[in-house]
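Chain and residue survey
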Amino acid sequence: MTTSAAGLLAAKLQSDRIRESYKDRMLSVAESVAKLPTVIDAFGANDPTVTIQPLAEVIRKASNVTYVVVTDRRGVRYSHPDPSRIGERVSTDPSVALSGEIFVGTETGTLGTSLRAKVPVRSREGEILGIASVGILESELSDDLAEDLPELVGWLATAALIGVLGAALITRHVRLRTFRLEPAEIAQLLETRHAMLHGIREGVVAVDDRDRLALVNDEAMRLLGLAEDPSGRLAAEVLDDGLLELARGKDDVVDRLVLAGERVLVANRSTAKTHDRAVGVVLTLRDRTELHDALRELDGQRTVTEVLRAQAHEFSNHLHVIGGLLDLGRSADAVSYIERVGGAGSVSAEIIDGANADPALAALLLAKSSTAHERGVRLRLDPESAVDTRAGDDALTVLGNLVDNAVDAVETGGTVRVLVRSSADGVRVVVDDDGPGVEESQRDRIFDLGVSSKDAQGAHGRGIGLALVSRVVTRRSGRVEIRDSELGGASFDVWLPETGNR
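All values derive from a computational prediction rather than experimental measurement.

Remarks on the confidence of the model for the protein chain
- Residues with a pLDDT of 70 or more make up 84% of the protein chain, whose mean pLDDT is 79.
- Across residues 455-461 the pLDDT falls below 50, and counting only partners more than four positions away or on other chains, this stretch makes 10 contacts in the model.

Have a look at this one:
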């Protein structure tokens, strides 16, 4: 169909070209005849035909036109291809040329329908003497076009053959690239792929070989805190440092902990290949924030269990001592001994009084105090603490992680001191311990994900708590400082300014 349309268009253009070419030729011949001095002078002779007819025939044959006709002002012919027509009036309207204008168009005369040009013949003074008319039959124009058509058809046939072969090659190549799937099958496959990728409860992020995001499914957008689809953007503009480092790595990775904002994610990296050629990487993400907290709590319980097992013999000795004192009738000494080795009731009262303005803060401190006591660590609230307003969730996150790290850092019998000041301006949290402290060389990187002074334990690893603290402080535009503590260990001082959204 395309070739046929192109052929018709080419034939039309060729016909127009032939017609325009003949128009130019006839107009040129007509103007030449009208300006010939011999023709102009012949109009003054007794019989102009004697001079004009032979001249017109010579010009007709030389210019390859159908006729060259010269008439006077009345339209009477002085020349004609058929001599018997000389002396007769022309059969078409001569008024346009006699008015001094040039006429070019198609008219039907004694010889048939022809394309003609009419030019006024003027004397040397400019007076109109007659008309010079030159024309060619429309049938001759059709014959010229017919002569050109075989060549045109040949070119079109060649173009059609080349087009068919090219289309066949392209179709074969496209079908190979699309695994011989039909368009409807491709559309169905894409719809299924879209539904699956955006419906699974695991984040998927695809990064192409130009370091741009090719795909981010709905779960990945939720985990990364994205409001709109970032596909097409540079990975460095969207991904956190941990994920970006993972995407730019060389080797595949299984179950690596990363932070995305304040979420703890388990990430996997695999190389995407097409025809054994690497075209990008695929990251799969799972949310492990709650699982991390549970595992951390489990580690704490395991530690408590180990401490309780170790203290069982000590408690047995305490009971033997108390029983012996009672047998000896020394009840006062037994009471004194019980108070000396007893629990942390005074600590609980101290915490409740110090954090009375924030029940959530008091509950957190009581829970941490109980856990620390079971592990043989004393947790106490600095008397300079002042809780005038509720600290908020961010402060509780910071305090919980700092206390956990401090309790982990000290030995059995150690001390952790907490200072909390909460007001309308913000929240200050200071946690001191008498543990080994943090070396100067480690203080610049202690908040990086995965950095910890403790050995990794369990599947979830360490080095996440302080990284979360850093993320919260950064989001709140606060500050965190590490100093040597008066107790002999480390002191973490955190300031969270009030933002109106805790």
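Considering the sheet that holds strand β3 (residues 112-122)
- Taken in spatial order, the four strands line up as β1-β4-β3-β2 in an open sheet, and their pairing is antiparallel. With one partner strand each, in any of the chains shown, β1 (67-72) and β2 (103-109) form the two edges of the open sheet. Averaged over neighbouring strand pairs, the angle between their axes works out to 30 degrees when direction is ignored.
- Sheet topology places β3 next to strand β4 (residues 128-137); nine bridges connect them, and they run antiparallel. In the sheet register, Ala-117 faces β4, and the bridge partner there is Val-134.

What to know about the packing of aromatic side chains
- Applying the stated rule across the entire model yields two aromatic pairs.
- Measuring from ring centre to ring centre gives 5.4 Å for Phe-43 and Tyr-78, while their planes differ by 65 degrees; the resulting arrangement is edge-to-face. Separated by 35 residues along the polypeptide, Phe-43 in the loop between α2 (37-42) and α3 (48-63) and Tyr-78 in the loop between β1 and α4 (95-98) bring together distant segments of the chain.
- Accessibility expressed as a relative area gives 16% for Phe-43, which makes it buried.

Let's talk about the packing of helix α14 (residues 393-409) against helix α15 (residues 465-475)
- Following both chains from N to C, one finds α14 and α15 inclined at 150 degrees, their axes separated by 9 Å at the closest point. Classified by the angle their axes make, α14 and α15 are roughly antiparallel. Relative to α15, α14 is oriented so that their crossing is left-handed. Of the residues in α15, those touching α14 at Asp-394, Thr-397, Val-398, Asn-401, Leu-402 and Asn-405 are Gly-465, Leu-466, Val-469, Val-472 and Arg-475.
- A per-class count over the contact of α14 with α15 returns five nonpolar, four polar and two charged.

Side note on the pairing of strand β12 (residues 415-423)
- The buried count for β12 comes to seven of nine residues, which makes it a mostly enclosed element.
- The pairing of strand β10 (residues 378-381) with β12 spans four bridges and is classified as parallel. Bridge pairing in β12 links Arg-378 to Thr-415.
- Across eight bridges, β12 lies against strand β13 (residues 426-433) in antiparallel orientation. Along β13, the bridge assignment pairs Val-420 with Val-429.
- Counting the residues that bridge the hairpin from β12 to β13 gives two residues.

Criteria and thresholds
Each residue is numbered by its place in its chain's sequence as written, counting from 1. Predicted model: local features are reported for residues with pLDDT of at least 70 only, side-chain atom pairs are reported and counted for 80 or more only, and whole-chain, interface and lining totals are derived from all residues. With hydrogens and water excluded, all non-hydrogen atoms of the structure serve as input to the side-chain values. For every residue, the predictor assigns a confidence score, pLDDT, that lies between 0 and 100. Contact definition: two residues touch when any of their heavy atoms are within 4.5 Å. For two strands to pair, DSSP has to find at least two bridges joining them. The numbering of helices and of strands both runs from the N terminus, where a helix is a DSSP run of H or I of at least 4 residues and a strand a run of E of at least 2. Fitted lines through C-alpha atoms serve as axes, helices being fitted only where they are in contact, and the angles separating the N-to-C directions of these axes extend from 0 to 180 degrees. For Phe, Tyr and Trp, rings pair up if their centres lie within 6.5 Å, where Trp contributes its six-membered ring, and each pair is then called stacked (planes under 30 degrees apart), edge-to-face (over 60) or tilted (otherwise). Burial classes: relative accessible area under 20% of the type maximum marks a residue as buried, over 50% as exposed, and values in between as partly exposed (1.4 Å probe, protein chains only). Oblique is the label for every angle not falling under 35 degrees (roughly parallel), over 145 degrees (roughly antiparallel), or within 65 to 115 degrees (roughly perpendicular). Left-handed describes a crossing whose near helix is turned anticlockwise from the far helix by less than a right angle; the clockwise case is right-handed. Just so you know the grouping, Ala, Val, Leu, Ile, Met, Phe, Trp, Tyr, Cys and Pro go in nonpolar, Asp, Glu, Lys and Arg go in charged, and all remaining residues, Gly too, go in polar.

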